[in-house]
Amino acid sequence: MYEIKTDIHTHTIESRHAYCTIGEYVAQAKKIGVELVGMTDHGPAMGGAPHFYYFLNLSAIPHMVDGVWILKGAEANVIDFEGNVDLEDRILKKLDVVIASMHESVIIPGTMEDHTNAYLNIVHNPLIDVIGHSGNPNFKYDYERVIAECAKYDTIVEINNHSFEFRRGSAANCKEIARLCKKYGTYIAVNSDAHFYTEMGVYGNSIEVLEELDFPEEKIINRNARVLLDFLSKKKGIRFTGE
Ligand SMILES: [Zn+2]
Ligand SMILES: [Zn+2]
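These numbers come from a predicted model, not from an experiment.

Trainee: For this particular structure, what's the right way to read the coordination of the zinc ion (ligand 1)?
Mentor: For a metal with four tetrahedral donors the ideal donor-metal-donor angle is 109.5 degrees, whereas six octahedral donors ideally subtend 90 or 180 degrees. E75 (OE), H103 (NE2) and H133 (NE2) make up the full set of protein donors to the zinc ion (ligand 1), lying at 2.1 to 2.2 Å. For the zinc ion (ligand 1), the single-chain donor residues occur in sequence as E-x27-H-x29-H. The distance between the zinc ion (ligand 1) and the zinc ion (ligand 2) comes to 3.3 Å, and E75 binds to both of them. One end of the pair, E75, is in strand β4 (residues 68–77); the other, H103, is in the loop between β5 (97–101) and α4 (112–123), with 28 residues separating them in the sequence. Given the relative accessible area of 9%, H103 is considered buried.

Trainee: Any chance you could explain the coordination of the zinc ion (ligand 2) here in plain terms?
Mentor: Each protein donor to the zinc ion (ligand 2) is listed here as H9 (NE2), H11 (NE2), E75 (OE) and D193 (OD); together their distances run 2.0 to 2.3 Å. Counting along the primary sequence, the residues that act as donors to the zinc ion (ligand 2) give the motif H-x1-H-x63-E-x117-D.

Trainee: Even after reading the chapter, I still don't get the pairing of strand β7 (residues 156–160), so can you show me in this structure?
Mentor: Looking down a regular strand, the side chains alternate between one sheet face and the other. Burial runs high along β7: 5 of the 5 residues are buried. On β7, burial covers both faces: I156, E158 and N160 on one face and V157 and I159 on the other are all buried. Summarising the sheet, strand β6 (residues 130–131) and β7 pair through 2 bridges and their orientation is parallel. Note that in β7 the partner of I131 across the bridge is V157. Regarding the hand of the β-α-β motif, the stretch spanning β6, helix α5 (residues 143–153) and β7 is right-handed. Pairing analysis gives 4 bridges linking β7 to strand β8 (residues 188–191), with the strands arranged parallel. Looking across to β8, one finds that E158 is bridged to A189.

Trainee: What is the right way to read the pattern of salt bridges from this model?
Mentor: Should the charged atoms of two oppositely charged side chains come close, the side chains can pair. Tallying each qualifying case throughout the model produces 8 salt bridges. The partner of D129 in a salt bridge is K235, with the nearest N and O atoms 3.0 Å apart. Remark: K235 occurs in helix α9 (residues 225–236) and D129 occurs in the loop between α4 and β6; sequence separation between them is 106 residues. Between R179 and E176 there is a salt bridge, and its shortest N-O distance comes to 3.0 Å. Of the two residues, R179 and E176 both sit in helix α7 (residues 170–184), 3 residues apart, roughly one turn of that helix.

Trainee: Honestly, α5 in this entry has me stumped. Any pointers?
Mentor: Because an α-helix completes one turn every 3.6 residues, residues spaced three or four positions apart along the sequence face the same direction. Residues of α5 that are buried: Y143, V146, I147, A148, E149 and C150. Close packing links the buried residues of α5 with α4, β6, β7 and α7. Among the residues trailing α5, D154 stands out with phi positive, at a value near 55°.

Trainee: Would you explain the UniProt feature "domain: Polymerase/histidinol phosphatase N-terminal" (unreviewed entry) in the protein chain in this entry?
Mentor: Here, the residues flagged by UniProt with the feature "domain: Polymerase/histidinol phosphatase N-terminal" (unreviewed entry) are residues 6–80. A distance of 30 Å separates the end C-alpha atoms of residues 6–80, which is 21% helix and 32% strand.

Procedures and definitions
- Residues numbered from 1 in each chain as written.
- Chains lettered and ligands numbered in written order.
- Predicted model: local features only at pLDDT ≥ 70, side-chain atom pairs only at ≥ 80, totals over all residues.
- Heavy atoms only, no water.
- Donors = N, O, S within 2.8 Å, 3.2 Å for Na, K, Ca; no water.
- Helix = DSSP H or I, 4+ residues; strand = E, 2+ residues; numbered from the N terminus.
- Buried < 20%, exposed > 50% of the residue type's maximum accessible area, 1.4 Å probe, protein only.
- Pairing = 2+ DSSP bridges.
- Right-handed = clockwise from strand over helix to strand, strands pointing away.
- Salt bridge = Lys/Arg side-chain N within 4 Å of Asp/Glu carboxyl O.
- Contact = heavy atoms within 4.5 Å.
- UniProt positions renumbered as here; feature names shortened; annotations may be inferred.

Right, dumping it as structure tokens:
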């Protein structure tokens, strides 16, 4: 049985189609024993998403509130098949964690080759830490090639619990992606992609898949706050002091 004590993909009211504040996530985390919450609101290219000032000013929030770690991040939108995203490098550099995701409302799906090309450039971008919900069948890519590359560059592949219910046709792809992460020794992060606080840290579907695959626990980079923070400190040079 896997125990995963952090959640690095959640949305606040700032994303406009999500319904909680950072404070409400922190309170829930404390209640259910989640050690760390990543706030990753949508990048500005998505309808209703916050202005880039929102991301620039995240330093106003401490890394720890009420005993719960907070990562100040973003879910950047992939805007083209070169793998560019909708936040400038100077902003990405300031964030604790950056997820890059493809959304149909921002980018029209292309060919498998287009998606593979975009993902390879994302993997090679040191300012991007996580590939978000890539099991989406509308954005299929060469899993084997990209996931092997993720292992070389320490890019994390997300297993998104939300996808099993909300992105039709994702389940089989997510399983295949997890299988390849095991094969290549690629780090994964199991996340909720919560849009309301009760979804945070709830991973039933993902854990079922990991159990079926006998996925190595040490490759779940967000299994606890310490492991995750050590990884991010080393990769990005951030000091997480709890202040
Ligand atoms: Zn997303
Ligand atoms: Zn999301």
